[in-house]
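Analysis of the macromolecular model
Residues per chain, in single letters:
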Amino acid sequence: NPRRCFAMSEPSQPPSLSLRNIRRSFAQPTGALEVLKGCEAEISPGALVAMVGTSGSGKSTLLQICGLLDNPTSGEIDIAGQPVASLNDGERTRLRRGTIGFIYRFPHLLPECTALENVVLPQAVAGVSAAQAKDRARVLLERVNLGHRLHHRSAKLSGGEKQRVAIARAIANRPTLLLADEPTGNLDPETAGGVFDLFVELTREEGLCVLMATHNEHLAAKMDRVLHLEGGVLIEKSRA
């Protein structure tokens, strides 16, 4: 039977992500449009969780809130045990930079930069030394089978290659929480399957907590848990 999702983490570690009664409404000429109506979830460190919902169900809105890019109308969110409601803009930016990684449907790489440079850049912003950043970038790009494309400008890469660079970039700073919004949605089915399998393998190796929004039930089934965003709330259904 459907149930509100509330799977607890190990007692020794706080959840990587905790949502309590998250609501989000938007002003409309005819009145407030309530998109999220009380989302609740706890996601353990290292868990790979898919969030499935139809277009317009609020998946991207909830990811924006989880990534501290938007504020809920009401409700509370903790990231790695840190309540975020009282944080100022600078504190939210530091938490987002050091704790959260993002992967979007489109890779948003810097076209004039090489694959290596695109993965080095977020590390440099975080204060990692140039040598360490290059070493980390090289290891990650080799792991996603792009060792032969390190010095190719991103504008010259294929769609699948660009998305693999985006995955390496998102993981480069070793985030606690990785948020992915339709990470293979812009790729053809064959390419998407290969990129997604690499994404799952790499995030498991890195021990990341992942929340991925998708409408693809086949890809979602490869994750540890599947949450359904229906009617503005998160529901976890028993697997057959």
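Residues numbered from 1 in each chain as written. Predicted model: local features only at pLDDT ≥ 70, side-chain atom pairs only at ≥ 80, totals over all residues. Heavy atoms only, no water.

Focus: a nonpolar patch on the surface
- Residues Leu110, Leu121 and Val125 make up a contiguous nonpolar surface patch of roughly 240 Å² in combined accessible area.
- Here Val125 is to be found in helix α3 (residues 115–125). (Patch = residues over 30% accessible without salt bridge, like charges linked within 9 Å, V, L, I, M, F, W, Y side chains within 5 Å. Areas by Shrake-Rupley, 256 points an atom, 1.4 Å probe, with all protein chains shown as cover. Salt bridge = Lys/Arg side-chain N within 4 Å of Asp/Glu carboxyl O. Helix = DSSP H or I, 4+ residues; strand = E, 2+ residues; numbered from the N terminus.)

Some thoughts on the packing of helix α5 (residues 159–171) against helix α6 (residues 189–206)
- Closest axis-to-axis distance for the α5/α6 pair is 10 Å, and the angle between their directions is 15°. Between α5 and α6, the crossing angle belongs to the class labelled roughly parallel. In this structure, the crossing between α5 and α6 has a hand that is right-handed. The residues of α6 that touch α5, namely those facing Gly160, Gln163, Arg164, Ile167 and Ile171, are Thr191, Val195, Leu198, Phe199, Leu202, Thr203 and Glu206.
- Split into classes, the residues belonging to the contact of α5 with α6 amount to 6 nonpolar, 4 polar and 2 charged. (Axes fitted to C-alpha atoms, helices over the stretch in contact; angles between N-to-C directions. Parallel < 35°, antiparallel > 145°, perpendicular 65-115°, else oblique. Left-handed = near helix turned anticlockwise from the far one by under 90°. Contact = heavy atoms within 4.5 Å. Nonpolar A, V, L, I, M, F, W, Y, C, P; charged D, E, K, R; others polar.)

Some details on unusual backbone geometry
- One non-glycine residue, Ala80, lies in the positive phi region at around 50°.
- Examined against the element boundaries, Ala80 turns out to sit in the loop between β5 (74–79) and β6 (82–83).
- Within the chain, Arg174 stands out as a residue other than glycine whose phi angle is a positive 50°.
- Here Arg174 shows up in the loop between α5 and β8 (177–181).
- You can call Arg174 exposed: its relative accessible area is 54%. (Buried < 20%, exposed > 50% of the residue type's maximum accessible area, 1.4 Å probe, protein only.)

Comments concerning the packing of helix α4 (residues 130–143) against α6
- In contact at an axis separation of 11 Å, α4 and α6 are set at 135° when each is read in the N-to-C sense. When the axes of α4 and α6 are compared, the pair comes out oblique. Residue-level inspection shows Arg136, Leu140 and Arg143 of α4 in contact with α6, the latter providing Leu198, Glu201, Leu202, Glu205 and Glu206.

A few points about the pattern of salt bridges
- In the structure shown here, the tally under the stated rule is 12 salt bridges.
- Across the pair Glu236 and Arg225 runs a salt bridge, and its minimum N-O distance is 3.0 Å. Of the two residues, Glu236 sits in strand β11 (residues 233–236) while Arg225 sits in strand β10 (residues 225–230), which places them 11 residues apart along the sequence. Exposure class is identical for Glu236 and Arg225. Each is buried.
- In the salt-bridge network here, residues are joined through shared partners; they are Arg20, Glu76 and Asp78.

Things to note about the pairing of strand β7 (residues 100–103)
- Where burial is concerned, the two faces of β7 agree: the one with Ile100 and Phe102 and the one with Gly101 and Ile103 are both buried.
- Across 4 bridges, the pairing between β7 and β8 is parallel. Looking at β8, one finds that Ile103 is bridged to Ala180. (Pairing = 2+ DSSP bridges.)

Some points on the confidence of the model for the protein chain
- When pLDDT is averaged along the protein chain, the result is 90, and 95% of the positions lie at 70 or above.
- Note on residues 1–10: pLDDT is under 50 here. Beyond four places in sequence and across chains, it has 29 contacts. (pLDDT = per-residue confidence, 0-100.)

So, the packing of aromatic side chains
- One pass over the structure, following the stated rule, counts 2 aromatic pairs.
- Seen from their ring centres, Phe102 and Tyr104 are 6.1 Å apart, and the 5° between their planes marks the pair as stacked.
- When the centroid spacing of 5.8 Å and the interplanar angle of 40° are considered together, the rings of Phe196 and Phe199 count as tilted. Pair noted here: Phe196 and Phe199 are both in helix α6, with a separation of 3 residues, about one helical turn.
- Geometry around Phe26 places Arg24 over its ring, the cationic atom sitting 4.2 Å from the centre. (Phe/Tyr/Trp six-rings, centres within 6.5 Å; stacked < 30°, edge-to-face > 60°. Lys NZ or Arg CZ within 6 Å of the ring centre and 35° of its normal.)

Focus: the pairing of strand β2 (residues 17–28)
- Inspection of the sheet shows β2 paired to strand β3 (residues 31–43) by 10 bridges, in the antiparallel sense. Within the sheet, the bridge partner assigned to Arg24 lies in β3 and is Leu36.
- Between β2 and β3, which pair antiparallel one after the other, the connecting turn spans 2 residues.

Things to note about the side chain of Asp181
- Structurally, the position occupied by Asp181 is in strand β8.
- Buried within the structure, Asp181 lacks any salt-bridge partner; Lys59 is the closest side chain of opposite charge, at an N-O distance of 6.4 Å.
- Within the structure, Asp181 has its side chain in polar contact with the side chain of Ser60 (distance 2.8 Å).
- Not counting chain neighbours up to four residues away, the residues in contact with Asp181 comprise Ser60, Leu63, Ile103, Tyr104, Arg105 and Ala213. (Lys, Arg positive; Asp, Glu negative; His and termini not counted. Polar contact = N/O pair within 3.5 Å; in protein donor to acceptor, adjacent residues only side chain to side chain.)

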